[in-house]
Amino acid sequence: MEKSLQLHQFSSWANERVFDTLKELPTEMYRKEVESVFPTIADVLVHMYQVDFVWLQVLKGETFEDIFNSIKQLHEELNASDLQNMHMKFQTMSEDYENFIRGNKDLSADITVHHPHFGTLHSTYGDLIQHIVNHGTYHRGHLSAIVNQLGYKGASIDYIFYLYSLQEKKQTS
């Protein structure tokens, strides 16, 4: 399996485990404030989704100027979403990424990104996908910390558990 696709599928798998855990919490925990990097579970999910949205648009060739013009409305929509709606949005975003990755003939191809604050970056599609996966991993750690602060147990979402899940699928197929 193409490494970028497997990394994306890991990220989607981990997101699903997190949403499974979050759905077990009392509804009010979604917006309950804690002392952390992000004040609520909702805030972390909104940030994660927005960043995934931005980078998918970049991978598709959109400019940051065009992307940023659509972010305010997206941000308002996400802030109004409940956990179930956010879960559906993440699932759709995951499908969009998978379609992009599968439809891209050469993920080692070069891409140049012109970011208004960070400058110009020359990279590859595969490296940007790895960045997106790493970003999600980083913030799933924040979610786990918040869940623990709220008195609950977070999901086990290390990459090794994903690999074990793949092995189990092969054995049962």
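These figures come from a predicted structure and were not determined experimentally. (Residues numbered from 1 in each chain as written. Predicted model: local features only at pLDDT ≥ 70, side-chain atom pairs only at ≥ 80, totals over all residues. Heavy atoms only, no water.)

## A look at the pattern of salt bridges
Opposite charge on two side chains allows them to pair when their charged atoms are near.
Part 1: This structure, assessed with the given rule, holds 3 salt bridges.
Part 2: Between Glu77 and Lys89 there is a salt bridge, with its nearest N and O atoms 2.5 Å apart. Taken as a pair, Glu77 in helix α3 (residues 64-79) and Lys89 in helix α4 (residues 83-103) lie far apart in primary sequence, 12 residues in all.
Part 3: Its relative accessible area of 16% is what places Lys89 among the buried residues. (Salt bridge = Lys/Arg side-chain N within 4 Å of Asp/Glu carboxyl O. Helix = DSSP H or I, 4+ residues; strand = E, 2+ residues; numbered from the N terminus. Buried < 20%, exposed > 50% of the residue type's maximum accessible area, 1.4 Å probe, protein only.)

## Thoughts on the pairing of strand β2 (residues 119-124)
Part 1: Where strand β1 (residues 110-115) lies against β2, 6 bridges are found, and the strand directions are antiparallel. Paired with Val113 across the two strands is Leu121, which belongs to β2.
Part 2: Here β1 folds back onto β2 in antiparallel fashion, the turn holding 3 residues. (Pairing = 2+ DSSP bridges.)

## With respect to the side chain of Gln57
Part 1: Along the chain, the position of Gln57 falls in helix α2 (residues 41-59).
Part 2: Overall, Gln57 belongs to the buried group, its relative accessible area being 17%.
Part 3: When sequence neighbours within four positions are dropped, the list of residues in contact with Gln57 reads Glu62 and Ile67. (Contact = heavy atoms within 4.5 Å.)

## Describing the confidence of the model for the protein
Part 1: Here the protein shows a mean pLDDT of 95. Residues at 70 or above account for 99%.
Part 2: When the elements of the protein are averaged for pLDDT, helix α6 (residues 159-172) gives the smallest value, 91, and α4 the largest, 98. (pLDDT = per-residue confidence, 0-100.)

## Some words on α6
Part 1: In a regular helix each residue adds 1.5 Å, so 14 residues correspond to 20 Å; α6 covers 20 Å between its end C-alpha atoms and thus fits that length.
Part 2: The complete set of buried residues in α6 reads Tyr162, Ser165 and Leu166. Buried residues in α6, looked at end-on, bunch into an arc of 100°, giving them a common side.
Part 3: Residues of α6 that are buried sit in contact with α1 (3-24). (Expected span 1.5 Å × (residues − 1). Arc of directions from axis to C-beta.)

## Points about the packing of aromatic side chains
Part 1: Within the structure shown, the criterion is met by 10 aromatic pairs.
Part 2: A ring pair is formed by Phe100 and Tyr125, whose centres lie 6.1 Å apart and whose planes are at 40°; its orientation type is tilted. In this pair, Phe100 is assigned in helix α4 and Tyr125 in helix α5 (residues 125-149), connecting sequence segments 25 residues apart. Across the pair, Tyr125 and Phe100 agree in class, each one buried.
Part 3: In this structure an aromatic cluster arises from ring pairing among Phe10, Trp13, Tyr159 and Tyr162.
Part 4: Stacked on the ring of Phe10, the Lys or Arg Arg140 has its end atom at 5.7 Å from the ring centre. (Phe/Tyr/Trp six-rings, centres within 6.5 Å; stacked < 30°, edge-to-face > 60°. Lys NZ or Arg CZ within 6 Å of the ring centre and 35° of its normal.)

## Focus: α5
Part 1: Along its 25 residues, α5 runs 37 Å from first to last C-alpha, staying within 8% of the 36 Å computed at 1.5 Å per residue.
Part 2: Gly151 sits one or two residues past α5 and shows a positive phi near 95°.

## Overview of the side chain of Asp52
Part 1: Position of Asp52 among the secondary structure elements: in helix α2.
Part 2: It is Arg140 that comes nearest to the buried, bridge-free Asp52 among opposite-charge side chains, at 6.9 Å.
Part 3: Apart from the residues within four sequence positions on either side, Asp52 is in contact with Met93, Tyr97 and Ile132. (Lys, Arg positive; Asp, Glu negative; His and termini not counted.)

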